[in-house]
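Here is how the chains run, residue by residue.
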Amino acid sequence: MNEQTAISREQLEYSQGAKDFLARKPQLFVGGEWVDSTHDRTLPVEDPSCGREVARIVDASTEDVDRAVAAARTAFDDGRWSNLPPMKREATIHRLADLIQRDGELLAELEAIDNGKPKTMAHAVDVNGAISMLHYHAGWASKLSGEMIEPANAPRGVFHSYTRREPVGVAAQIVPWNFPLLMAVQKIAPALAAGCTLVLKPAEQTSVTALKLADLIAEAGFPAGTVNIVTGLGETAGDRLVRHPDVDKVAFTGSTEVGKIINRTATDSMKRVTLELGGKSPVIVLPDMDPAVAAGGAANAIFFNSGQVCVAGSRLYAHRDVFDRLIEGIAETAPAWAPRPSLDPQARMGPLVSHEQFERVMGYIEAGKKDGASVAMGGDAAPSNGGYYVNPTVMVDVNPSMSVVQEEIFGPVVVAQRFDDLDDVAKQANDTLYGLGAGVWTRDVGAFHTLAAKIKSGTVWGNCHSMLDSALPFGGYKQSGIGRELGSEGVKAYTELKTVILQL
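Conventions adopted
Residues numbered from 1 in each chain as written. Predicted model: local features only at pLDDT ≥ 70, side-chain atom pairs only at ≥ 80, totals over all residues. Heavy atoms only, no water. Helix = DSSP H or I, 4+ residues; strand = E, 2+ residues; numbered from the N terminus. Buried < 20%, exposed > 50% of the residue type's maximum accessible area, 1.4 Å probe, protein only. Contact = heavy atoms within 4.5 Å. Areas by Shrake-Rupley, 256 points an atom, 1.4 Å probe, with all protein chains shown as cover. Domains from an automatic or database assignment. Buried area = accessible area lost by both parts, 1.4 Å probe. Salt bridge = Lys/Arg side-chain N within 4 Å of Asp/Glu carboxyl O. UniProt positions renumbered as here; feature names shortened; annotations may be inferred. Axes fitted to C-alpha atoms, helices over the stretch in contact; angles between N-to-C directions. Parallel < 35°, antiparallel > 145°, perpendicular 65-115°, else oblique. Left-handed = near helix turned anticlockwise from the far one by under 90°. Nonpolar A, V, L, I, M, F, W, Y, C, P; charged D, E, K, R; others polar. Arc of directions from axis to C-beta. Phe/Tyr/Trp six-rings, centres within 6.5 Å; stacked < 30°, edge-to-face > 60°. Lys NZ or Arg CZ within 6 Å of the ring centre and 35° of its normal.

(A) Fine view of the overall build of the chain. Each helix and strand counted, the chain has 18 helices and 19 strands in total. Projecting the C-alpha coordinates of the chain onto the three principal axes gives extents of approximately 75 × 60 × 40 Å. Counting over 504 residues, the chain shows a buried share of 57%. Contacts spanning at least 24 positions in sequence make up 74% of the contacts within the chain whose residues lie at least 6 apart. Surface exposure of the chain reaches about 19700 Å², of which carbon and sulfur atoms provide 51%.

Structure (structure tokens):
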């Protein structure tokens, strides 16, 4: 019996708290209250560790979305949130962070059940990241300001001129299924700090933690209508949000294909738009780097969160002097990354989020094989009892024309290629429609900075990968998006800059 078949993939029993929450009546959070939908259509909540339906959520109607936008519009226009003293808004956001910390164990479990990621990882990354993000952004509520500027073409003292930052208004925020809680907070935190009100639509595949977050938003004391949460399909509820005339800004994280649709739609009314889209991030290993160290880093870059990460290191470029040893080192990590049920305390990697995603990833693996790629590790589905488990996979003997090299797979699949020099690998790294993240493994600081300047990517990591921080701006070049989230740039994206000129 090999190690894969010895692993039990039976999902563990849920806690009573999780059972109680999943048993709740499907409702929407609008105007500070839980409300029924205008119709009775619902969507299933599925546990991808076992493929079973465990709850239902509302499939919001157009009328539901309109009601949520109206609540946000009223709350913004009467200033119940934006006109509060900045320190009071800051304290309320801090309070929400504290409530997430209090309920972190339940939030992590719900995320694991709904998304499939290991509960231990959900707590360490998603829950703790959400707490940190709220605490960081809370401080911006009392820090946003303009500046006094002397006109260039008038004598001093003739005009008094200055700029001011004002909240953009009502924000529609649409978040993905790979980091449901973290992405929700990454959207709402800067919007709230800037003084906006909002309507959040979580992904239909993973809405549970957003609904739990609504409970905590109410408990934290945000004025009614400041944050509204509607669940439903992207092509209906999401589309209505993007088109709604009372929405001033759209923030979306997801696929490039959908992002393009949203951008075109939002242009009709000139809504402000922030898009964080797809990626096909390169990981580059230079010959001076210890292959054993780089192997662990490269494996984590692609297998973390089952490869369902926009910045996943899905294209591996290793100098030919270390290529073979690097691939061997990654293969040695396979037992540690063997997929397990999300509530298994030994799990480091869980199932994919859905059957649809499972079929997509397996389709890419088969396409790669058909095109001539060789499988150095994995390349198959793990035995299961209804769950969506794909073994961590490394493909070699690939070329740039293959779909596995050019297209975002969004699964635990990396394609590995050799290179000879920095100019060569920089050219290969940039041979993509995307430009979200890139990693370089080397002990040569000069070589690192040379590559960091050459690579067309919103973030370049050195000797690490997927290291995000609330204070550092994040976003992409090319078709990886528009604008930046996090840091001061992320908060300013929820403001309008006004110039005021007074002749004295």
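There is more to say after this.
(B) The arrangement of the domain arrangement of the chain in detail. Its domain assignment divides the chain into domain 1 (14-277 + 480-500) and domain 2 (282-462). Computed from C-alpha coordinates alone, the two centres of domain 1 and domain 2 are separated by 31 Å. Contacts between the two partners involve 26 residues from domain 1, matched on the other side by 28 residues from domain 2. Taking both partners together, domain 1 and domain 2 bury about 2100 Å²; carbon and sulfur atoms supply 58% of that area. Counting the surface domain 1 buries against domain 2, the share from its top three residues, Ser49, Trp177 and Ser480, is 25%. Seen at the junction of domain 1 and domain 2, the total is 0 salt bridges.

(C) Representation of the environment of Trp461 within the structure. Following the sequence through the fold, Trp461 ends up in strand β17 (residues 459-462). In the structure, Trp461 is positioned 173 residues away from Asp288 in sequence and 17 Å away in space, judged by C-alpha atoms. Trp461 has contacts with Val311, Gly437, Ala438, Gly439, Val440, Phe448, Ser466, Met467 and Leu468, leaving out every residue within four places of it along the chain.

(D) View of the UniProt feature "active site" (unreviewed entry) in the chain. As recorded in UniProt, the feature "active site" (unreviewed entry) lies at Glu276. Its location among the elements puts Glu276 in strand β10 (residues 272-276). With residues near it in sequence (within four places) discarded, Glu276 still touches Phe252, Thr253, Gly254, Cys310, Leu436, Phe474, Ser480 and Glu485.

(E) Examining the environment of Gly437 more closely. Along the polypeptide, Gly437 turns up in strand β16 (residues 437-441). When the C-alpha positions of Gly437 and Ser281 are compared, they lie 5.3 Å apart, and in sequence the two are 156 residues distant. Apart from residues lying up to four places away in sequence, Gly437 is in contact with Ser281, Pro282, Val311, Ser457, Thr459 and Trp461.

(F) Highlighting the packing of helix α4 (residues 86-102) against helix α7 (residues 180-194). In contact at an axis separation of 9 Å, α4 and α7 are set at 160° when each is read in the N-to-C sense. Taken together, the axis directions place α4 and α7 in an arrangement best described as roughly antiparallel. Here the hand of the crossing between α4 and α7 comes out right-handed. Counting all contacts with α4, which are made through Arg89, Ile93, Leu96 and Ile100, the residues of α7 involved are Val185, Ile188, Leu192, Ala193 and Ala194. Of the residues contributing to the contact of α4 with α7, the split by class is 8 nonpolar, no polar and 1 charged.

(G) Helix α9 (residues 234-243), seen in detail. Those residues of α9 lying buried are Ala237, Gly238, Leu241 and Val242. The buried residues of α9 all sit within an arc of 135° when viewed along its axis, so they share a single face. In this structure, the buried side of α9 is in contact with α3 (62-77), β6 (170-174), β7 (197-201), β9 (249-253) and α10 (256-267).

(H) Quick peek at the pattern of salt bridges. Summed over all chains, the structure comprises 26 salt bridges. Where Arg67 meets Asp64, a salt bridge forms, and the shortest distance between an N and an O atom there is 3.2 Å. Taken together, the residues span about one helical turn, with Arg67 and Asp64 both in helix α3 at a distance of 3 residues. Under the relative-accessibility criterion, Arg67 is labelled partly exposed at 32%. For Asp64, a relative accessible area of 0% puts it in the buried group.

(I) Region of the structure containing the packing of aromatic side chains. Under the defined criterion, the tally for this structure stands at 6 aromatic pairs. Note that Arg24 overlies the ring of Trp34, its terminal NZ or CZ placed 5.1 Å from the centroid. For the cation-ring pair, Lys249 lies above Tyr494, with the distance from its terminal atom to the ring centre recorded as 4.9 Å.

(J) Layout of the side chain of Asp126. Looking at the element boundaries, Asp126 is found in helix α6 (residues 119-138). Judged by relative accessible area, which is 0%, Asp126 ranks as buried.

(K) Fine view of the UniProt feature "domain: Aldehyde dehydrogenase" (unreviewed entry) in the chain. Taking the UniProt record as the reference, the feature "domain: Aldehyde dehydrogenase" (unreviewed entry) is found at residues 34-500. For the annotated span residues 34-500, helix accounts for 40% and strand for 19% of the residues, and the straight-line distance between the end C-alpha atoms is 42 Å.

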